[in-house]
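Spelled out, the chains give:
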Amino acid sequence: MAMHRHDKATVQSAAAAINRRQATAALLATAAAPFAAVAQDAAAPAASAASTATPATTLWPGDDWAESTPEAQGMDSAALAKLIDFGAAQGMDSLLVTRHGSLVAEAFYAPYRAGLKHAVNSTTKGVVATLTGMAIQDGLIASRDAPVLDFFEGRKVANADASKKAMTLGHLLDMTSGLSWVEPLSDAVPETMLQLGRSRDWQGFVLDRPMAQAPGAGFNYNSGNTHLLSAIVAQKTGGSTLAYAQKRLFGPLGITDVRWRKDPQGLEVGGWGLYLHPRDMARIGYLYLRKGQWNGRQLLPAAWVEQVFNPVVDMGFGSAAPAFKYANGWWSIPSKRAYFTAGFNRQLIVVLPDIDVVVAVTGRRHYPLPLFIDHITAAVRSREPLPADATAQDQLAARIRDAGVEKPSATPITTPELAATISRKPWLLERNGMGIQRLVLDLTPANPRYEVTFDSSRPELPREPVAGPLGLDGKYRTAPQGPALIAIKGHWLDAQSFQLISRSVADGEVTVVTLKFEDGGKAVNVGLENNWGFRGQVRGRVAE
């Protein structure tokens, strides 16, 4: 769930086939929404040797990161200001840059803000893989070469042929298990991932898959692989992947506030589902930058990190792009010496060991990763401190402040008479892909609000109505909805059409609902779309 081409213009009905982004959304969206890979650039030269190695004295984040001017760490504030602008243009929610263990730039793009955990989606895979390496170091798991089926001896596993019996933890970690699995890193429908989401026993579902090829024969992206790893880590460490993470990873790194979704059996999801603060994402990257060490302790074997930094599994993105490789749950672009976890809609932990940089990113859409890496490396100018540059530092500070200030939408037109007619009336919608059953709007300027009721037969959607304020002045209004923070605004497109824009802020989801009222305000035609791939049209009428 990490890299995709932009969606084709396709209007989907509830019954129509869905694309990969839509299917991914169905699995990521638990109470997230109130209404519920880009072609790669040509390879750029690797970072220059002048851009450096680890400093003689290593800084370790304590309760928080040490902060520094970029120039004191050999970075250019003006170039970082351009990086902040790149983030704004590419739909980032947050962008954090560290060098030599110091925080040199941090931006939060409104309405996302500091203090909110963010869904990291498939970056979860890199965390589960890290825990697997720690369990091996602790002697709880023998090695990467341990056969997978040995951990499930109490289960009757279907299709347990010689090939499946040869499948090892290393194959799960490198996405080379050989299991038959359709979850392509493209817009094609991830058929098997959808089937997993509908299963009542996720471990059994993955284990029972037939083999499509011999283990180790080639890369095939498979969220089921890391779900098995989560099951194995939980089994060998006392029953909870999260508890082991708190003991061996989160606790030692100073990560205290996390959220992690569970499967129907109560196991932490191995392929996605983790929520982290951006500064804590950077701590995980810093552990890898320091080759598994943390403040005098070897938390993760150095050899484990070296496997990440020297990957051999080709991800198969084609000769026209920089080669992407995979190892131990991490992606890489070896030509750029860039190593990263990658989550759907660009949730990234980026480690650049040659220039001693860690970057953490959350966001709402995809963009070319090689181009992003180039923007980062362009800001590194020296292995030594640069002269102070007050002008450039002021420019960077202004860009960061600007990112945190919401930009209002275009000034709405004068409120039409129809607003009073349709306000506070319950609209019943036909069955639709986003699960909206009932919608009530109050579009009178005194107290604009919304209330949405969802399809109760869909367990991933809220059970109770979701309600809150909405902005009619071009700015979002926010309200907590369970673990989510929902931001809503709306405006009249014309005298008959109203558009709602909704964001589940910490999930990176943006939903646009366009309502065209008809028959004097007795009927409505609703257009639905969001950045997770939903597209559709549905009719509705005022409840009698």
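This text follows the structure it describes.
Residues numbered from 1 in each chain as written. Predicted model: local features only at pLDDT ≥ 70, side-chain atom pairs only at ≥ 80, totals over all residues. Heavy atoms only, no water.

Any chance you could explain the pattern of salt bridges here in plain terms?
Side chains that differ in sign of charge can pair as their charged atoms come close. According to the stated counting rule, one finds 23 salt bridges in the structure shown. With a closest N to O distance of 2.9 Å, aspartate 201 and arginine 155 form a salt bridge. One end of the pair, aspartate 201, is in the loop between helix H6 (191-198) and helix H7 (202-207); the other, arginine 155, is in the loop between helix H3 (123-137) and helix H4 (162-165), with 46 residues separating them in the sequence. Under the relative-accessibility criterion, aspartate 201 is labelled partly exposed at 27%. We classify arginine 155 as partly exposed; its relative accessible area is 31%. Notably, a salt bridge pairs arginine 337 with aspartate 354, separated by 3.1 Å at the nearest N-O pair. Within this pair, whereas arginine 337 is found in the loop between strand E11 (330-333) and strand E12 (338-343), its partner aspartate 354 is found in the loop between strand E13 (347-352) and strand E14 (357-363), the two being separated by 17 residues in sequence. The class for arginine 337 is partly exposed, based on a relative accessible area of 26%. You can call aspartate 354 partly exposed: its relative accessible area is 30%. Each of Asp64, Glu67, Glu106 and Arg279 takes part in one network of salt bridges that share partners. (Salt bridge = Lys/Arg side-chain N within 4 Å of Asp/Glu carboxyl O. Helix = DSSP H or I, 4+ residues; strand = E, 2+ residues; numbered from the N terminus. Buried < 20%, exposed > 50% of the residue type's maximum accessible area, 1.4 Å probe, protein only.)

Help me out: how do you make sense of the pairing of strand E17 (residues 449-454) in this one?
Within a regular beta strand, the side chains point alternately toward one face of the sheet and then the other, so they alternate between its two faces. Sheet topology note: the strand E16 (residues 436-442)/E17 ladder contains 6 bridges and is antiparallel. Among the inter-strand pairings, arginine 438 is bridged to a residue of E17, identified as threonine 453. The loop that links E16 with its antiparallel partner E17 comprises 6 residues. Two strands pair when backbone bridges link them, and E17 and strand E18 (residues 466-469) are joined in this way by 4 bridges, in the antiparallel orientation. Within E18, the residue paired with glutamate 451 across the bridge is alanine 467. (Pairing = 2+ DSSP bridges.)

Would you mind going over the sheet that holds strand E15 (residues 426-429) with me for this structure?
The strand order across the open sheet built from 10 strands is E18-E17-E16-E15-E24-E23-E22-E21-E20-E19, with neighbouring strands paired in antiparallel fashion. Only two strands of the sheet have a single partner each, and these edge strands are E18 and strand E19 (477-481). Within this sheet the neighbouring strands show an average axis-to-axis angle of 25 degrees, counted without direction. Of the strand pairs in this sheet, E19 and strand E20 (residues 484-494) are connected by 5 bridges, and their pairing is antiparallel. When the bridges of E20 are listed, glutamine 481 appears paired with alanine 484. (Axes fitted to C-alpha atoms, helices over the stretch in contact; angles between N-to-C directions.)

Explain the pairing of strand E3 (residues 102-108) here, please?
The element E3 is largely enclosed, with a buried count of 7 among its 7 residues. When strand E2 (residues 92-99) meets E3, the two strands line up antiparallel, connected through 6 bridges. Bridge pairing in E3 links valine 97 to alanine 105.

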